[in-house]
Structures are given as structure tokens and as C-alpha cells.
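Per-entry structural report
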Amino acid sequence: KVLLSHIAGFAAINAFGTLQQSEPWRRDWQSATVVVILAALTMLLIQWYFDGQRRKVAESWKAAASIYDDRMEEVYNECFVMWLEEAEEPEDNVLALTVSFLSVQAI
């Protein structure tokens, strides 16, 4: 998961870094900072969207699991929390890597 999150982070750096180095964003540091904010908002929007999708999938799994056994509720909740943590950590890594690089480049 770390390798793939770094690959996604470097892709985001390339995309937003290219934007940051193009006109009119490269004129001064204030303009370049707008790209940092745009990148952060874009990445947060993507995280928000996929969080909703994960929750929809998890609800469908929960409904399917409850058909077979009511005792699955506790196991399901444990697995759901672990799944969210494992999915959100790489997203946070991509966001941090991208915003930190673009911030340094803007200055």
C-alpha cells in the first residue's frame, strides 16, 4: 500500500506541479499558492467521494452477512474499521506528499 500511495502521490505532484509551473501560476508565490490550495481541495474531494463509495460497499456487505448469521455483526464492525484505516492511510499519504511538495515549490 505504501508503494502504490507514493506512486499516486508522485503522479499528483507531476500533474499539479506542471500546472504550478505554467502561466499564470508561475508569476509569483501567491499565484503558485493558489495551485497548492486547488490541489488540496481536489484531493480532499476525491477522498470524500471514495469514502462514500467504501461505505456503500460496506453496507451491502453488512446486509449480505446478516442474512447468514447475526453474530457476524461484531466481526463485521471490526473488519470495517480496519478496512477504513487501511484505505484512508494511503489517501492521507498522497495528500500530504502532494501538498508538502507543492508548498515548498511555491515558496
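Structure: see above.
Criteria and cut-off values
- Every chain begins its residue count from 1, and numbering advances along the sequence as written.
- The predicted nature of this model means local features are confined to residues of pLDDT at least 70 and side-chain atom pairs, given and counted, to a pLDDT of 80 or more, with totals for whole chains, interfaces and linings taken over all residues.
- With hydrogens and water set aside, each side-chain value is computed from the structure's full complement of heavy atoms.
- For salt bridges, the criterion is a side-chain nitrogen of Lys or Arg within 4 Å of an Asp or Glu carboxyl oxygen.
- Remark: exposure states derive from per-residue accessible area (1.4 Å probe, protein chains only) relative to the maximum for the residue type, with buried under 20%, exposed over 50%, and partly exposed in between.
- The numbering of helices and of strands both runs from the N terminus, where a helix is a DSSP run of H or I of at least 4 residues and a strand a run of E of at least 2.
- What counts as a ring pair is set by centres within 6.5 Å for rings of Phe, Tyr and Trp (its six-membered ring), and what kind of pair is set by the plane angle: stacked under 30 degrees, edge-to-face over 60, tilted for all other angles.
- Each nonpolar core is a collection of buried residues, namely Ala, Val, Leu, Ile, Met, Phe, Trp, Tyr and Cys, held together in the definition by side-chain atoms within 4.5 Å.
- Any two residues whose heavy atoms approach within 4.5 Å at even a single point are treated as in contact.
- The span you would expect from a helix comes to 1.5 Å times its residue count less one.
- In this description, one arc is meant: the one made by directions from the helix axis to the C-beta atoms.

A few words now on the pattern of salt bridges. Counted according to the given criterion, the structure contains four salt bridges. The partner of Glu23 in a salt bridge is Arg26, with the nearest N and O atoms 3.6 Å apart. Both residues of the pair, Glu23 and Arg26, belong to the exposed class. Two residues, Arg55 and Asp51, come together in a salt bridge whose shortest N-O distance is 3.2 Å. Of this pair, Arg55 and Asp51 both sit in helix H2 (residues 29-68), four residues apart, which is roughly one turn of that helix. Owing to a relative accessible area of 37%, Arg55 belongs among the partly exposed residues under this scheme. Overlapping salt bridges, with partners in common, bring together Asp51, Arg54, Arg55 and Glu91 in one network.

For any two aromatic rings, the description comes down to two numbers: the centre-to-centre distance and the angle of the planes. All told, the structure shown has one aromatic pair when counted by the stated rule. Note on Tyr49 and Phe50: the rings are 5.1 Å apart at their centroids and 80° apart in plane angle, and the pair reads as edge-to-face.

So, on to the nonpolar core. Core analysis: the biggest nonpolar cluster contains 11 residues, these being Ala12, Phe16, Ala32, Val35, Val36, Ala39, Met43, Val94, Leu95, Leu102 and Ala106. Elements supplying a minimum of two residues to this core: helix H1 (2-20), H2 and helix H3 (72-106). Looking at which element gives the most residues to this core, the answer is H2, with five residues. With sequence-adjacent residues up to four places away left out, Phe16 is seen in contact with Val35, Ala39, Thr42, Met43, Thr98 and Leu102.

With that out of the way, let us pick up H1. Across its 19 residues, H1 extends 26 Å between first and last C-alpha, which sits within 8% of the 27 Å expected from 1.5 Å per residue. All buried positions along H1 are accounted for by Ser5, Gly9, Ala12, Ile13, Phe16, Gly17 and Gln20. Each buried residue of H1 sits inside an arc of 125° when the element is viewed along its axis, so together they form one side. Exposed residues pointing more than 90 degrees away from the buried face of H1 are listed as Leu3, Leu4 and Asn14.

Before going further, it helps to spend a moment on the side chain of Ser5. Residue placement: Ser5 occurs in helix H1. Taking relative accessible area as the criterion, Ser5 reaches 4% and is therefore assigned buried. When neighbours within four sequence positions are excluded, Ser5 is seen to be in contact with Pro90, Asn93 and Val94.

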